[in-house]
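As a plain string of letters, each chain reads:
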Amino acid sequence: MCGGFTCSKNALITLNILYVMVGFLLIGVGVYARAASIVTNLPIVGGILACGVILILISILGLAGAVKHHQVMLFFYMIILFMLFLIQFSIASSCLAVNSEQQKEFAEEGWNNVPDSIRHQVQESFFCCGFNTTNSGTQCEVLNTNCCSGDLINCSCPPCLPVLEDKINFAFKLCGGLGIFFSFTEFIGVWLTVRYRNQKDPRGLPSAFL
């Protein structure tokens, strides 16, 4: 009968396997967000990445506790998972709450902090030069040959911010949406763990209560 010990155990095991997949998904999303925004120093996106790694480690603890019905493991799993829920929910909410001006500030900070080689790579990839205004240096003169077909006098590469703006915004929304959705599955995991801990193992093994 669903709701009994075996059902709760199988549900918790299944949920932790799902968490492992979710953890890898969050890592993938975080990596994509950093790659899409290329040079931006996005600490919020980094937080999503960290949550993915931590979720995988916690899931391993949860799997071990669920298989053995180990009270101590399940207790620490429940506490850590609830803390992760709070952190991930806060970070994801921050991703969704960031407006365009704040996104530009994050992007400009990252642009100013990266090495020249990465800036040059971005400018070559997106056919742009400078961040918010086109620079008139030697580097831009070289890049103008890629942006302009023939008229190098009246033509120049556009700044990179307008080119990257949509990608940065998409990265924030993607991280925020997925983070919010999966944080609620963690809350379900906490509730399921509390329920499972309070159920008696029908096998009556003494080790089940240690």
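All values reported here derive from a predicted model rather than from experimental measurement.

(A) Fine view of the UniProt feature "transmembrane region" (unreviewed entry) in the protein. Taking the UniProt record as the reference, the feature "transmembrane region" (unreviewed entry) is found at residues 12–32, 44–67, 74–99 and 170–194. Along residues 74–99 one finds 92% helix and 0% strand; the C-alpha atoms at either end are 39 Å apart. Helix makes up 100% of residues 170–194 and strand 0%, and the two end C-alpha atoms of the span are 37 Å apart.

(B) Examining the environment of phenylalanine 5 more closely. Of note, phenylalanine 5 is situated in helix α1 (residues 5–37). Counting along the chain gives 196 residues from phenylalanine 5 to aspartate 201, while the straight-line C-alpha distance between them is 6.6 Å. Setting aside chain neighbours within four positions, we find phenylalanine 5 in contact with His69, Tyr196, Gln199, Lys200, Asp201 and Pro202.

(C) Summary view of the nonpolar core. Membership of the largest hydrophobic core comes to 36 residues, with the highest contact counts inside it found for Leu12, Tyr19, Leu26, Leu55, Tyr77, Leu81 and Tyr196. Counting residues per element, the ones that place at least two in this core are α1, α2 (43–68), α3 (71–97), α4 (100–113) and α7 (160–197). Beyond its immediate stretch of four places on either side in the chain, leucine 81 contacts Tyr19, Leu55, Ile58, Glu186, Gly189 and Val190.

(D) Seen up close, the pattern of salt bridges. The final tally for this structure, using the stated rule, is two salt bridges. For the salt bridge of lysine 104 with glutamate 101, the shortest nitrogen-to-oxygen distance reads 3.8 Å. In this pair, lysine 104 and glutamate 101 are both assigned in helix α4, three residues apart and thus about one turn of the helix distant. Residue classification places lysine 104 among the partly exposed positions, given a relative accessible area of 27%. The partner of glutamate 165 in a salt bridge is lysine 104, and the shortest N-O contact between them spans 3.8 Å. Of this pair, glutamate 165 sits in helix α7 while lysine 104 is found in helix α4, placing the two residues 61 residues apart along the sequence. For glutamate 165, a relative accessible area of 27% corresponds to the partly exposed category.

(E) Examining the packing of α4 against α7 more closely. Where α4 meets α7, the closest approach of the two axes is 10 Å, and the angle between their N-to-C directions is 115 degrees. The pairing of α4 with α7 is recorded here as roughly perpendicular in orientation. Judged by the sense of rotation from one axis to the other, the crossing of α4 with α7 is right-handed. Taking contact as the criterion, the partners of Gln103, Lys104, Phe106, Ala107 and Trp111 in α4 are, on α7, Cys160, Leu161, Glu165, Ile168, Asn169 and Phe172. Of the residues contributing to the contact of α4 with α7, the split by class is seven nonpolar, two polar and two charged.

About the criteria used
Residues numbered from 1 in each chain as written. Predicted model: local features only at pLDDT ≥ 70, side-chain atom pairs only at ≥ 80, totals over all residues. Heavy atoms only, no water. UniProt positions renumbered as here; feature names shortened; annotations may be inferred. Helix = DSSP H or I, 4+ residues; strand = E, 2+ residues; numbered from the N terminus. Contact = heavy atoms within 4.5 Å. Core = buried A, V, L, I, M, F, W, Y, C linked by side-chain atoms within 4.5 Å. Buried < 20%, exposed > 50% of the residue type's maximum accessible area, 1.4 Å probe, protein only. Salt bridge = Lys/Arg side-chain N within 4 Å of Asp/Glu carboxyl O. Axes fitted to C-alpha atoms, helices over the stretch in contact; angles between N-to-C directions. Parallel < 35°, antiparallel > 145°, perpendicular 65-115°, else oblique. Left-handed = near helix turned anticlockwise from the far one by under 90°. Nonpolar A, V, L, I, M, F, W, Y, C, P; charged D, E, K, R; others polar.

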